[in-house]
Amino acid sequence: MELSLIWNEKYECMPQSELKALQIERLRETVSRVFYDAPFYRRAFQERGMGPDDVKSLDDLSRLPFTTKNDLRDNYPYGLFTVPLSEVVRVHASSGTTGKPVVGGYTRHDLEVWAEVMARSLTCCGATKNSVIHVAYGYGLFTGGLGAHCGAERIGASVIPASGGHTKRQIMIMKDFGSTILACTPSYAMHLALVMEEMGIYKSDLKLQGGLFGAESWSQNMRSQLEDRLGIMALDVYGLTEIIGPGVAVECPEKQGLHVWEDHFLFEVIDPETGEQLPPGSYGELVVTSLTKQAMPLIRYRTRDITTIMAEACPCGRTHRRIGRFVGRTDDMLVIRGVNVFPSQIEEVLLRIAHTEPQYQIIVERRGQLDELEVQVEVSGQFFSDEVRRLETLERQIRREIEDVLNISVRIKLVEPKTIERSEGKAKRVIDRRQL
Amino acid sequence: MRKEGKSMPIKQISVFLENKCGRLADVTGAISANGIDIRAFSIADTTDFGILRLIVNRPDDAFKVLREGGFTVSMCEVIAVRIPDRPGGLAGVLELMQEAGVNIEYMYAFSAKISKDALAVFRVENSEVAERLIAEKGIRALSGEEVYSL
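Peer 1: Which residues make up the overall build of chain A, and what values go with them?
Peer 2: Across its full length, chain A carries 11 helices and 23 strands. Reported as C-alpha extents along the three principal axes, the dimensions of chain A are approximately 70 × 65 × 40 Å. Across the 436 residues that make up chain A, the buried fraction comes to 41%. A separation threshold of at least 6 residues defines the contact pool for chain A, and within that pool the share at least 24 residues apart is 66%.

Peer 1: With reference to specific residues and values, describe unusual backbone geometry.
Peer 2: Among all residues except glycine, the phi angle is most often negative; among peptide bonds, the trans geometry is most common. Residue and element names in this part refer to chain A. Across the junction of tyrosine 76 and proline 77, the peptide omega takes the value -10 degrees, indicating a cis bond. Phi at alanine 215 is positive, roughly 75 degrees, even though this residue is not glycine. Here alanine 215 lies in the loop between β6 (210-214) and α9 (220-230). Given 23 C-beta atoms within a 10 Å radius, alanine 215 is considered buried.

Peer 1: Could you give an account of helix α4 (residues 127-137) of chain B, with specific residues and numbers?
Peer 2: All names here are of chain B. The complete set of buried residues in α4 reads Ala130, Glu131, Leu133 and Ile134. Each buried residue of α4 sits inside an arc of 160 degrees when the element is viewed along its axis, so together they form one side. Across from the buried face of α4, at angles greater than 90 degrees, the exposed residues are Glu128 and Glu136. Of the surrounding elements, those touching the buried residues of α4 are β4 (73-83), α3 (89-99), β6 (118-124) and β7 (141-142). Looking one or two residues past α4, glycine 138 carries a phi angle of roughly 75 degrees, positive in sign.

Peer 1: Would you mind going over the domain arrangement of chain A in detail, with residue names and values included?
Peer 2: Residues and elements named next belong to chain A. Split into domains, chain A comes out as domain 1 (9-18 + 60-329) and domain 2 (334-432). Computed from C-alpha coordinates alone, the two centres of domain 1 and domain 2 are separated by 33 Å. Listed as interface residues are 6 residues of domain 1 and, on the opposing side, 6 residues of domain 2. Classifying every residue of the side of domain 1 that touches domain 2 gives 3 nonpolar, 1 polar and 2 charged.

Peer 1: Give me the packing of helix α8 (residues 186-199) of chain A against α9(A): which residues, what numbers.
Peer 2: Residue and element names in this part refer to chain A. Interhelical geometry of α8 versus α9 gives an angle of 40 degrees and a closest axis separation of 10 Å. Classified by the angle between their axes, α8 and α9 sit oblique to one another. The chirality of how α8 crosses α9 is left-handed. Here Pro186, Ala189, Met190 and Ala193 of α8 lie close against α9, whose contacting residues are Met222, Leu226, Arg229 and Leu230. Counted by class, the contact of α8 with α9 contains 7 nonpolar, no polar and 1 charged residues.

Peer 1: Requested: an account of the interface of chain B and chain A, with residues and values cited.
Peer 2: Residue-level contacts link 14 residues of chain B with 13 residues of chain A. Breaking the side of chain B that touches chain A down by element, the ones donating at least two residues are β1 (10-18), β3 (49-56) and β4 of chain B. Looking at side-chain class alone, the side of chain B that touches chain A contains 5 nonpolar, 5 polar and 4 charged residues.

Rules used in this analysis
- Residues numbered from 1 in each chain as written.
- Chains lettered and ligands numbered in written order.
- Predicted model: local features only at pLDDT ≥ 70, side-chain atom pairs only at ≥ 80, totals over all residues.
- Helix = DSSP H or I, 4+ residues; strand = E, 2+ residues; numbered from the N terminus.
- Buried ≥ 20, exposed ≤ 12 C-beta atoms within 10 Å, placed from the backbone.
- Contact = placed C-beta atoms within 7 Å.
- Arc of directions from axis to C-beta.
- Domains from an automatic or database assignment.
- Nonpolar A, V, L, I, M, F, W, Y, C, P; charged D, E, K, R; others polar.
- Axes fitted to C-alpha atoms, helices over the stretch in contact; angles between N-to-C directions.
- Parallel < 35°, antiparallel > 145°, perpendicular 65-115°, else oblique.
- Left-handed = near helix turned anticlockwise from the far one by under 90°.

Next comes the structure, spelled out in structure tokens:
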């Protein structure tokens, strides 16, 4: 069987210097497009005294205005389109659980770009024209189904457009049709695995080799479970309706961060409080500028997803820089003594020490002028020892490791199980008692 | 299998307690409600938390009751020995242990009706050495049965 590991070697392995040159050329085109064709952007540029000719290098990016989700809502549904509707061949929308949905429009060219980045992404998890790609993302306004579909067709694989639901039937189809690649949300993949077990169907009855999972955040633990239960290599794919849908970034088989397809998406990581760009290694908000979109290009779109830039070259050969696995959303962020703190950073330390999902709560208080951070950790199972010395050592270890990650001092308090308030089965992670 | 004449380790229940009003009573209440008797206990505490250590007549039942009651509880083996009730009684036992290199994690004493001797519970790091010591040096250890039925 022919195994093409990289879909588009010319672009995916392009030296960073050439990639940068391509990015600046495409950024200038995009800026010019939004300035002339989207009144929202023209106003935003003019407020800063900027015009399209002021973008000469990638360094100028930091002077451009941001675009937020609120801006999209204010311009609902078509306000940010830079082409007439006659040029738009597809419209998708987010589920819109909070207010109006977020709309994404595509020209014929945009669909080509989408198919290209999804073809690259599927190829990362082993898809070739010989693959049978089972798409169990929902088909509809949601970008998952049709996004994976067009990428799979671009590769020339046999596509099974299963969409969501009818789980037992899907399992029968996967088995009978010999599906080799599964594309769906990680939680649906887990559901499929569990129902398979109930039905008495083993992974050896299927031909699955790879899974491309996205649209939700999922843990490394879930990855190992999915890989084990389904006998696959499971990779994370990232995307947003606003930008294009799935296919903005994807893990390669190295599973060390997600390559952002930099010839189509320009990315930065910024401090969500100050808006300043952050260097590689620092965690902050991912900001994406589309470089090739026609129908609805976005400049410096604030994704609210928290990650970090990984500047090191990847052994897989792709030159596009990576971002780390997402650690949370800006909505969960706390600012303590000027330092950005994400509950997931603390959770990660506890997970490492306890080897199990820990129950914890973060309490922030202000004593005088100083913020104080206390982490309460429920003592249960492996955490407990009958010796005070061991518990104190544990307390110190947790404190040291959290301080190493956050660079601020914390107090650790060991508490009894079920101490931490839970609402609807979910623990309340942060209690901020500061009167700000 | 343990040989005759060797001490039988005793099961001790440990419970994690936050330093909060009424927690100790919650534990003892849960145990007594199930008809379990406490033979000996001690508390080790820090500013934030304490560890309650209990020896009871039905350790397995107590463990189950407390676990089901939502407490963080563990069970470990300790050694109980008779300490002659005279000046230097405890010192003598401790010296023997020190000579043999038995590392004591913690200990606590208690009394019972069976004898004039004081009784002491030891949690040691190397229990095989301690057991051999007990067998060879004439330290009088109590078996689990003896302690549970005090």
